[in-house]
Amino acid sequence: MGIMFLCEVVGSIVSTIKHDCYQGKKIMLVRPISPDKKMQNGTMVAVDTVGAGKGEIVLVAAEGRSASEILKFESRMPMRSVIVGIVDKIQINRFKY
Amino acid sequence: MKLGKVLGKVWATVKDPKLEGVKLYIMQPIDEYEKPMGKALIAVDAVSSREGDIVYWVGGAEATLPFKDRQIPSDASIVGLVDRIDT
């Protein structure tokens, strides 16, 4: 599994004309968040695999090889960010990051 | 992947042979409110987008894979047209 981000789902997009690997996939818009849940810049497009909804905090895998493995493509596809989990709880200890 | 807006087209007759027959667009990355995000860049089109279209694109190694049959020297490839953004 490659690098993963903490993101918040901020919306979704409707797209009919797209590369085959995106067919039939739910495509969401996510923004990275800091561990204390402050939203940051850098909106990303991410394919949803866990039924994430707007406003939810999610785990986003942002690396092509992981995306192809998760979506079980036989060969590498032009896709990178995939929502792989919905976060229930974040616990950070007293260290200031 | 990120959202982008197609600003214009680039023609280059002298170029890497692997880029033959490939459409090159000037594209401005944007956020979910269509506000510019970072610098405009040259993106390879794989879904017959047109000027003014809102699109989404992939960067990095995956950008070389938009066409089934061949790898192209691209660092940003447009992989989809956006019909609607819901925020």
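Residues numbered from 1 in each chain as written. Chains lettered and ligands numbered in written order. Predicted model: local features only at pLDDT ≥ 70, side-chain atom pairs only at ≥ 80, totals over all residues. Heavy atoms only, no water.

Engineer: Looking at this model, I keep getting lost on the confidence of the model for chain A. Mind explaining?
Structural biologist: Interpretation of the predicted coordinates at a detailed level should be avoided for regions scoring low in pLDDT. Taken as a whole, chain A shows an average pLDDT of 93; of its residues, 95% reach a score of 70 or greater. Across chain A, element-level confidence peaks in strand β2 (residues 26-32) of chain A with a mean pLDDT of 98 and bottoms out in helix α1 (residues 64-70) of chain A with 90. (pLDDT = per-residue confidence, 0-100. Helix = DSSP H or I, 4+ residues; strand = E, 2+ residues; numbered from the N terminus.)

Engineer: Would you take a moment to explain the nonpolar core for this structure?
Structural biologist: The tendency in soluble globular proteins is for nonpolar side chains to be buried side by side. In this structure, Ile-13, Tyr-22, Val-45 and Met-79 of chain A together with Leu-3 and Tyr-56 of chain B are the most contacted members of the largest nonpolar core, which totals 23 residues. If you list the elements that add at least two residues to this core, you get β1 (4-14), β2 and β3 (44-48) of chain A together with β4 (54-59) of chain B. If you tally residues by element for this core, the top one is β4 of chain B, at three residues. (Core = buried A, V, L, I, M, F, W, Y, C linked by side-chain atoms within 4.5 Å. Buried < 20%, exposed > 50% of the residue type's maximum accessible area, 1.4 Å probe, protein only.)

Engineer: Before we go on, may I ask you to explain the environment of Pro-32 of chain A in this structure?
Structural biologist: Residue and element names in this part refer to chain A. Within the secondary structure, Pro-32 sits in strand β2. Exposure remark for Pro-32: the relative accessible area of 12% places this residue in the buried category. Separated by twelve residues in sequence, Pro-32 and Met-44 place their C-alpha atoms 8.1 Å apart. Aside from chain neighbours lying at most four places away, what touches Pro-32 is Leu-6, Cys-7, Lys-38, Met-39, Gln-40, Asn-41 and Gly-42. (Contact = heavy atoms within 4.5 Å.)

Engineer: Quick question: what am I supposed to make of the packing of aromatic side chains here?
Structural biologist: Note on aromatic pairs: each is described by the distance of the centres and the angle between the planes. All chains considered together, the criterion is met by one aromatic pair over all chains. Each ring, one from Tyr-22 of chain A and one from Tyr-56 of chain B, has its centre 5.5 Å from the other, and the planes form 70°; the classification is edge-to-face. Of this pair, Tyr-22 of chain A sits in the loop between β1 and β2 while Tyr-56 of chain B sits in strand β4, on two different chains. Accessibility expressed as a relative area gives 0% for Tyr-56 of chain B, which makes it buried. (Phe/Tyr/Trp six-rings, centres within 6.5 Å; stacked < 30°, edge-to-face > 60°.)

Engineer: Looking at this structure, I do not really get the interface of chain A and chain B. What am I missing?
Structural biologist: Interfaces are often sized by the amount of accessible area the parts lose when they come together. Facing 30 residues of chain A, the contacting portion of chain B comprises 26 residues. The junction of chain A with chain B conceals about 2300 Å² of combined surface from both sides, 55% of it contributed by carbon and sulfur atoms. In this assembly, chain A and chain B are joined by four salt bridges. Two residues, Glu-62 of chain B and Arg-76 of chain A, come together in a salt bridge whose shortest N-O distance is 2.5 Å. Our enumeration of links across chain A and chain B arrives at 17 residue pairs in polar contact (both at pLDDT 80 or more). Every element with two or more residues in the side of chain A that touches chain B is listed here: β1, β2, β3 and α1 of chain A. For the side of chain A that touches chain B, the element with the highest residue contribution is β1 of chain A, accounting for five residues. Partitioning the side of chain A that touches chain B into residue classes produces 14 nonpolar, nine polar and seven charged. In this sheet, strand β6 (residues 84-86) of chain B lies alongside β1 of chain A in antiparallel orientation, the contact comprising three bridges. The partner of Ser-12 of chain A across the bridge, within β6 of chain B, is Asp-86 of chain B. (Buried area = accessible area lost by both parts, 1.4 Å probe. Salt bridge = Lys/Arg side-chain N within 4 Å of Asp/Glu carboxyl O. Polar contact = N/O pair within 3.5 Å; in protein donor to acceptor, adjacent residues only side chain to side chain. Nonpolar A, V, L, I, M, F, W, Y, C, P; charged D, E, K, R; others polar. Pairing = 2+ DSSP bridges.)

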